[in-house]
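This is what each chain is made of:
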Amino acid sequence: MPAGDARDAHAHAYVSFTQIPMPKIPEEIVKRVLSVARIEDVVSDFVQLRRSGKEYEGLCPFHGDKNLGSFKVAPAKNICTCFSCQESWDPVGFVMKAEGLTFPDAIRWLAKKYGIFIDEEQNRFKPKPSMESPPIFVSRRKPWAFPSKEIG
Ligand SMILES: [Zn+2]
């Protein structure tokens, strides 16, 4: 094999590696989002659901569904399943597919929906609150006009 081919193969491997999502979202936030996200809640943002016993059914948003019955939402398992697509999704998986998002972006989407704040600024430089910044001018009075008790 010419050396050039080996380099190309390596370049491809490198590109696909960098495409692996690298979430900056703290682990505990991910866990919290996963624990509060309800499948019936998330799916009903996209699909009109109808109660069917302990489950819900609707039209699958992923395969041009025209008949009720193939797409079921199971709150007890916190998943939805399409028997035509032959796939199941948990809340994050459903959001990733429905919105075309990566895993961290789906977590952000769900966090927003459930009002969970993600502090992605925590590792960046934070300017001091303005109250701590010394004002440039304390007074418009000339320094020599201060009464002596205010000096120092
Ligand atoms: Zn489907």
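Residues numbered from 1 in each chain as written. Predicted model: local features only at pLDDT ≥ 70, side-chain atom pairs only at ≥ 80, totals over all residues.

Caption draft 1: Spatial organisation of the overall build of the protein. Across its full length, the protein holds 5 helices and 5 strands. Of all 152 residues assigned to the protein, the portion counted as buried reaches 14%. Of all intrachain contacts in the protein linking residues separated by at least 6 positions in sequence, the fraction that spans at least 24 positions is 42%. (Helix = DSSP H or I, 4+ residues; strand = E, 2+ residues; numbered from the N terminus. Buried ≥ 20, exposed ≤ 12 C-beta atoms within 10 Å, placed from the backbone. Contact = placed C-beta atoms within 7 Å.)

Caption draft 2: Looking closely at the environment of Phe62. Along the chain, Phe62 falls in the loop between strand S2 (55-58) and strand S3 (71-74). Classification of Phe62 as partly exposed rests on a count of 17 C-beta atoms within 10 Å. Through-space distance from the C-alpha of Phe62 to that of Ser84 is 9.6 Å; in sequence the pair is 22 residues apart. The contact partners of Phe62, leaving out residues within four places of it in the chain, are Cys82, Cys85 and Lys97.

Caption draft 3: Spatial organisation of the environment of Pro91. Position of Pro91 among the secondary structure elements: in helix H4 (residues 91-99). Accessibility expressed as a C-beta count within 10 Å gives 25 for Pro91, which makes it buried. Once the C-alpha coordinates of Pro91 and Arg38 are considered, the two residues, 53 residues apart in sequence, prove to be 6.6 Å apart. Not counting residues up to four positions away in its chain, the partners in contact with Pro91 are Ala37, Arg38, Ile39, Val42, Asn78 and Leu110.

Caption draft 4: Representation of the packing of H4 against helix H5 (residues 103-113). Between H4 and H5, whose axes approach to 9 Å, the crossing angle comes to 105°. Taken together, the axes of H4 and H5 are roughly perpendicular relative to one another. Of the residues in H5, those touching H4 at Pro91, Val92, Val95, Met96 and Glu99 are Phe103, Ala106, Ile107, Trp109 and Leu110. (Axes fitted to C-alpha atoms, helices over the stretch in contact; angles between N-to-C directions. Parallel < 35°, antiparallel > 145°, perpendicular 65-115°, else oblique.)

Caption draft 5: A look at H4. What H4 keeps buried is the set Pro91, Val92, Phe94 and Val95. With its buried residues spanning 160° around the axis, H4 presents them on a single face. Among the residues trailing H4, Gly100 stands out with phi positive, at a value near 65°. (Arc of directions from axis to C-beta.)

Caption draft 6: Here's a closer look at the nonpolar core. Counting residues in each nonpolar core, the largest one holds 19 residues, and the members touching the most others are Val43, Cys80, Phe94, Val95 and Leu110. Broken down by element, the residue count for this core peaks at 4 residues, all from H5. Beyond its immediate sequence surroundings of up to four residues, Leu110 is in contact with Val33, Ala37, Pro91, Val92 and Val95. (Core = buried A, V, L, I, M, F, W, Y, C linked by C-beta atoms within 7 Å.)

Caption draft 7: Looking closely at the sheet that holds strand S1 (residues 50-52). Read from one edge of the open sheet, 5 strands run S1-S2-S3-S4-S5, paired in antiparallel fashion. The strands lining the two open edges of the sheet, one partner per strand, are S1 and strand S5 (87-89). Pairwise comparison of adjacent strand axes, ignoring direction, gives a mean angle of 25° for this sheet. Of the strand pairs in this sheet, strand S4 (residues 79-82) and S5 are connected by 3 bridges, and their pairing is antiparallel. Across the sheet, the residue bridging to Cys80 is Trp89, located in S5. (Pairing = 2+ DSSP bridges.)

Caption draft 8: Seen up close, the environment of Val43. Inspection of the secondary structure puts Val43 in helix H3 (residues 39-43). If we skip the residues at most four places from it in the chain, Val43 touches Leu49, Val73, Cys80 and Phe94.

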